[in-house]
Amino acid sequence: MQEKDIQAYDLIAVQPVTEKLFHMACSTIDVDIITFNIVEKLDYYIKKNPVGKALERGVYFEITYSPGLHQSSRKTMISNALKLTQVLRGKNVIISSAARIAMDLRGPYDVANLGLLFGLTESQGKDAISTNCRACMLCAGKLFFLIFLLFSLKNGPR
């Protein structure tokens, strides 16, 4: 993809498959979200140094719960999520569904409780499904336009 094609999108998320790509995504590539295939064992270790650089840049890390709801991949999902949240210390975590069918969707309180299983505190679990998602949009600079538009529509012409 060309850079002009990428700039057409509001949020950029990457899924690094090697340690080198993970380090690049954390330090140099202009991304908003780093996600993982949470149900497959990671071929590399998630280290504090590149994650710290990503946190300084305002990058968020996504954990998807839906692929891990099936019995065969549940253990790997929990293990990978625990590794990630331990390094992140609960900061800049987003929990989303990645559901392919409606049966894999869960309610917000169920997802926040999954955060406890992933090593987050109760407040971090709630933030991972609400506050952090909004903050990610703010960091990407997209929500400012939306708030301005809503404010303009609310006040309207006089």
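See the structure above.
This text gives an overview of the structure that appears in the document. Numbers given for residues are sequential positions, taken from 1 along each chain in its written order. Owing to the predicted nature of the model, reporting of local features is limited to residues with pLDDT of at least 70; listing and counting of side-chain atom pairs is limited to 80 or more, with chain, interface and lining totals taken over all residues. Hydrogen atoms and water are omitted, and side-chain values are computed over all heavy atoms in the structure.

### As for the state of the cysteines
When the sulfur atoms of two cysteines share a covalent bond, that bond is a disulfide.
(1) Moving on: Disulfides are defined as pairs of cysteine sulfur atoms found within 2.5 Å of each other. By the definition in use, this model includes zero disulfides.
(2) Moving on: No disulfide involves Cys133; its sulfur sits 7.6 Å from the nearest other cysteine sulfur, which is in Cys136.
(3) Moving on: With a 1.4 Å probe rolled over the protein chains alone, any residue whose accessible area is under 20% of its type maximum counts as buried; one over 50% counts as exposed, and the rest are partly exposed. The class for Cys133 is partly exposed, based on a relative accessible area of 27%.
(4) Moving on: For Cys136, a relative accessible area of 3% puts it in the buried group.

### Here's the deal with the pairing of strand 3 (residues 60–64)
(1) Moving on: Only DSSP runs of H or I covering at least 4 residues are called helices, and only runs of E covering at least 2 are called strands; the numbering of each starts at the N terminus. Where burial is concerned, most of strand 3 is hidden: five out of the five residues are buried.
(2) Moving on: Of the two faces of strand 3, the one holding Tyr60, Glu62 and Thr64 and the one holding Phe61 and Ile63 are both buried throughout.
(3) Moving on: DSSP bridges decide pairing: two strands pair if at least two such bridges lie between them. When strand 2 (residues 33–35) meets strand 3, the two strands line up parallel, connected through three bridges. Directly across from Ile34, in strand 3, lies its bridge partner Phe61.

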